[in-house]
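Here are the chains, one letter per residue:
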Amino acid sequence: MEKVIGIDLGTTNSCVAIVENGSPVVIPNRGGYKTTPSMVAVTEAGKRLVGHIAKRQAITNAENTVYAAKRLIGRKWNSPQVKNAVATSSYRIVEGPHADVRIVLRDKEFSVPEISAMVLQEMKVIAEDYLGEPVSKAVVTVPAYFNDNQRQATKDAGEIAGLDVIRIINEPTAAALSYGFGRNVEKTVAVYDFGGGTFDISILEIGAHGVFKVVATAGDTFLGGEDVDARIIDWLVSGFKDEHTIDLRQDRMALQRLKDAAEKAKCELSGVKETEINLPFIISSGRNEALHLQRQLTRQTLEELSVDLIERTIDICKQTLDDAKLDKDEIEEVILVGGMTRMPKIQEAVQGFFEREPCKGVHPDEVVALGAGIQGAALIDDKQEMILLDVTPHALGIMTFGNVFEELIPANTTVPTHRQKIFTTSRDNQTAVKIIVMQGDSQKADENELLGEFILSGIRRAAKGQVEIEVTFEINADGIVSVRAKDLETGLEQSIQVTATSGLTRDEIKAMVDNAKDDLLDRRSSDEIEAAKQEAQKLIADIEKLFPQVQQIVASSDFGREAIDKAKAVVEKAKQAIDRKDLAAIKEQIEGLSRTQRMFKGVVAKT
Amino acid sequence: MIPGVDVRKLPLTPTDGYLLTRVNGQATVGDIARETGVWEQEVVESFEKLVQLNVVTFGSVEEAIAAMKKPAPAPLKAAVLSAAYDPAMINEVCDLDTEQRKRVLDLFFALEDNDYYTLLGIAKDADKKGIKKAYYEVALPMHPDKFFRKALGTFKPKMEAVFAKLTLAHDTLLDKEKRVEYDIYLKDVAHTKGMEAMLARAMEEARAAQDALAATVNTPSVMPPPVAPSAPPAAPAPTVDPAVLQARKSALAARLMGGRQRPTTANTGFAPQPVPEVKLQPKVQQSSTEAMDSLRRRYDDRLSSAKDAQVAKYVTAAEGSIAKNDWVAAANAYRVAMDLAPDNTEVHDRARYAQTEANKILAESYQKQAIYDEKNERWTEAAKAWVRVAKLKPEDPNANERAAFTLGKADGDIREAAAYAQAAVNLQPQILKHRITLANLYMAAGKPALARRELEGAAQIAPGDAVVQAMLKRIPK
Ligand SMILES: Nc1ncnc2c1ncn2[C@@H]1O[C@H](COP(=O)(O)OP(=O)(O)OP(=O)(O)O)[C@@H](O)[C@H]1O
Ligand SMILES: [Mg+2]
């Protein structure tokens, strides 16, 4: 049977594993290490370096050494995360032709998937050396909270590396697989994964029949050890500035040395209470004299510097438990994954929140790769009992009239799945509708990620709301999303399979939203919404008619002006609620509207 | 009922207890439902419990329950689901073995017609654990990963659909709020089913009553048999003095009967009126015509008195139901009364009125169901419900159109669907939607000429309509 490797493509470190004779093992690299730094460099001679050798020359070749490329994968040039990376990285990040991100190494531009592909290829070679045969299939892990564009870009990286990525799975899920494999337990577990670049929390049910069912998952794809390092760097930089009035960030090599020292100090402080950061000859002053950086960092200071980051992870845990509709005491095991969970303060925070001591006996750096290997074997091998039921981390839906994101598949839905909803045209005589497929968790469509779009035309000319369009979303077992729109009258149909990244920026999406306004669909309104809407509109009309009069009467008093402002706000809110067709909100506003209307009538009547 | 059981010690609800008092060894489930105003479905559930508790024993009630439960909805395993599909589908070439193919098809074609409990093969009161267990057992073998990168043909999307639906069932039933909402929906369905069963029973009873009367005429020397094992009429609403209510009902019944009603003793039920036995006396000094006349008079008397008693029974029952606002039961009772007394215009008017009210209630109930089903793309169910709405509200163009549309979607009887669409078009000839639905159905039925005619009509109403033009273009000449 063909072998499938499992690769944990980490922000800082990558790891590869395989199932051999029924048990999963991590494959060490040529240096004997079980993890390989996710670093890529190009030397002066144009030679490509990956892993430990890239890391070793990072300080002397800072500008041409890429680390943490995973933080950029599948992102748009204009995103805040990319802006942040541009400001803090020692390598050069530029805008690509499709508003995407490019990295410049020795004057050559690389896309992010190309950089990740170099790491994947290295992992592939490590496995091939160990097995003594070529490997072509892999299961690759991604943070659970990655969106479809990020997943797709990771798949692309695999393809560039010559790998058939038979499945992308989520890192915390993989960790749970590895935890539960062969243990024959039936438990509800929480996986807290705090790595170099991302934070994820997943809650899973491990059941009989080898089932691993994800109940809920959430996270932050830009929250990791890198951010803790950045806090230490900030602390060092501002201290140095106070002393010497020199900004160390101006010098790429100094920055790389700072980064290196910060991470080292952070790791040391997991074992000791205090450590010294000593960087001689860090920079030269204007007067041609060398300056040194030497400071003591205590564990307590580090904890103060990173307290809000840790709190954020706990907040996300809380949210996820709510989403899973579970109480803390229903979690029977807490599994810690990722290098950052070695930090005592983090262990303490997690234990404090779940009121349970985290599980020992899983290796935080290796579980993810092991889980990927296990999943690979389970898919290929018929005899494997194991099955993984994962969920969509983000909601999927379409943009409807008024920039409203209309969700079809909610977050945390088990895949494969399919859902349908019926919409109507949003204006009179509309003959085409644009289906804008989005992913995200905001009610405002333009705050979500765009996945693709298509047009369904040939719709009957009719008053708005008359023609019904059925939209179907499908996610198959391989995680591929397809969307279909069907005119229920004529049976005309259009569909797309969401595969490629769109490469559009936020601004472009916004512009597109404006342009597409006339072609969007609308939510089908129910009789109840219609009735509430009419009631609200009548009240609004009454209020607006009285407005000039009331304004004249009360404008002289502060109190009066305040009342007018309030009235305006109420009307505005009500109008928004009507636009959104949000029944509950309309009903809520009707109360405010009737109060305002009564007050206005009272004012006018008294004078 | 089993003697010696202390009923008060049992975990019975007031309804259970009340129903128990109606058990007399004769009454059927239908009788008890009718007279107590409790839905048949609920009566069945209640008696299942009573049987289990060993309070009532095998007898007519049990048989009746068994009869009502013919398609045995006892805990079903996936394999027992009734699913109709072309058996040839199992022969599709793919990597699945025959058994797995059958399992997929059985489940796939059962998705629409079965509720979540049945699909998962669990009882209505299954707990979290039971739901999960069943889900894993039924759904996991349907997960395409079990057959990763195998050639699955059309079975792959089917398995995905089955898996998705079972997961939806699992997620719905495990979420407290969603489960409550879903159970209410199922109750609504059961409720309308209860009404349906009642309607069917009323028809049966009317027929039985007619037959019984016919028997009276044909066999003069034999007593007309009791129409149905009768029990006392429904207990009145608790707030009204039973005697008062009874008096009111009797008065109304008397008025409706044109004063011909014989006094009925309220609490002993409508036992057949004592009719003197007829014996022919051979040696009377009467002419044969006289004798014949007298005989006929007696027959007629007996017939009309028996009939009057029957009619009175149903009128009283109907008015009792109206007093409880149960128009469906009232309409049923009146329907029987009307069949028995075809010439009584007052009964007719009242019956029609009750029927109109009942139809309104029924239509509303079906419509609710239809909309829910449509929303959840359960086309077969939606079509059934819309058809009923359309039948109850034949003047409602929307109901007719929806019936047509959903029938089309559910691969139902195209002729029937077209008839509804035609009705919608007749009611609102100016609305394009109706015509387009009709044209689509004609196309599906392989009648392009008819479709063309319909679309040309539509084109006359809205000459520039792109869809109509597009559809016209697609029709082969
Ligand atoms: N002993 C330690 N104490 C504190 N932090 C540590 C320790 N060891 C490693 N780390 C930090 O853990 C992070 C790396 O963790 P890990 O290797 O799990 O991340 P990754 O898998 O590469 O990233 P991700 O999963 O976010 O993509 C780095 O920020 C590293 O500094
Ligand atoms: Mg990791």
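It should be emphasised that the depicted structure is a prediction, and the values quoted were computed from it without experimental measurement.

What counts and how
- Residues numbered from 1 in each chain as written.
- Chains lettered and ligands numbered in written order.
- Predicted model: local features only at pLDDT ≥ 70, side-chain atom pairs only at ≥ 80, totals over all residues.
- Heavy atoms only, no water.
- Helix = DSSP H or I, 4+ residues; strand = E, 2+ residues; numbered from the N terminus.
- Near = heavy atom within 4 Å.
- Polar contact = N/O pair within 3.5 Å; in protein donor to acceptor, adjacent residues only side chain to side chain.
- Domains from an automatic or database assignment.
- Axes fitted to C-alpha atoms, helices over the stretch in contact; angles between N-to-C directions.
- Left-handed = near helix turned anticlockwise from the far one by under 90°.
- Contact = heavy atoms within 4.5 Å.
- Nonpolar A, V, L, I, M, F, W, Y, C, P; charged D, E, K, R; others polar.
- Core = buried A, V, L, I, M, F, W, Y, C linked by side-chain atoms within 4.5 Å.
- Buried < 20%, exposed > 50% of the residue type's maximum accessible area, 1.4 Å probe, protein only.
- Salt bridge = Lys/Arg side-chain N within 4 Å of Asp/Glu carboxyl O.
- Expected span 1.5 Å × (residues − 1).

Let us now look at the environment of A:Met1. With respect to the helices, strands and loops of the structure, A:Met1 is situated in the segment before strand E1 (4-9). The sequence separation of A:Met1 and A:Ile380 amounts to 379 residues, and the corresponding C-alpha distance is 8.1 Å.

Let's shift gears to the site of ligand 1. Residue and element names in this part refer to chain A. Around ligand 1, the structure places 19 residues, and the nearest of them are Thr11, Thr12, Lys70, Lys266 and Ser270. Between ligand 1 and the protein, one listed contact pairs an oxygen atom with a backbone N or O atom of Thr198 at 2.9 Å. Tallying contributions element by element places helix H7 (residues 252-268) first for the shell around ligand 1, with three residues. Both domains that furnish three or more residues to the shell around ligand 1 are identified here as domain 1 (4-222 + 311-380) and domain 2 (225-306).

Let us now look at the packing of helix H12 (residues 327-340) of chain B against helix H13 (residues 345-375) of chain B. Residues and elements named next belong to chain B. Remark: H12 packs on H13, axes separated minimally by 8 Å, with the N-to-C direction vectors making an angle of 145 degrees. Regarding H12 and H13, the two cross each other, and that crossing is left-handed. Residue-level inspection shows Trp327, Val328, Ala330, Ala331, Tyr334, Arg335, Ala337 and Met338 of H12 in contact with H13, the latter providing Val347, His348, Arg350, Ala351, Tyr353, Ala354, Gln355, Glu357, Ala358 and Ile361. Considered class by class, the residues forming the contact of H12 with H13 number 13 nonpolar, two polar and three charged.

The tendency in soluble globular proteins is for nonpolar side chains to be buried side by side. Core analysis: the largest hydrophobic core is formed by 59 residues, its most contacted members being B:Tyr334, B:Ala337, B:Tyr420, B:Leu455 and B:Val468. Discounting residues that sit within four places of it in the chain, B:Val468 has contacts with B:Ile436, B:Leu455, B:Ala458 and B:Ala459. Formed by 51 residues, the second largest nonpolar core is a distinct cluster that contains A:Phe194, A:Ala218, A:Leu309 and A:Leu321.

A side chain of one charge can pair with a side chain of the opposite charge if their charged atoms are brought near each other. All names here are of chain A. Per the stated rule, a full pass over the model turns up 47 salt bridges over all chains. The residue Lys137 makes a salt bridge to Glu2 at a minimum N-O spacing of 3.1 Å. Remark: Glu2 occurs in the segment before E1 and Lys137 occurs in strand E11 (residues 137-142); sequence separation between them is 135 residues. You can call Lys137 buried: its relative accessible area is 14%. By relative accessible area, which is 41% here, Glu2 ends up partly exposed.

Residue and element names in this part refer to chain A. Between the first and last C-alpha of helix H4 (residues 148-160) there are 18 Å, a value that for 13 residues agrees with the 18 Å anticipated at 1.5 Å per step. Restricting attention to buried positions, one finds in H4 the residues Asp148, Asn149, Gln150, Arg151, Ala153, Thr154, Ala157 and Gly158. Where H4 terminates, the next one or two residues include Gly162, which has phi positive at roughly 80 degrees.

No statement about biological role is implied by the geometric values presented.
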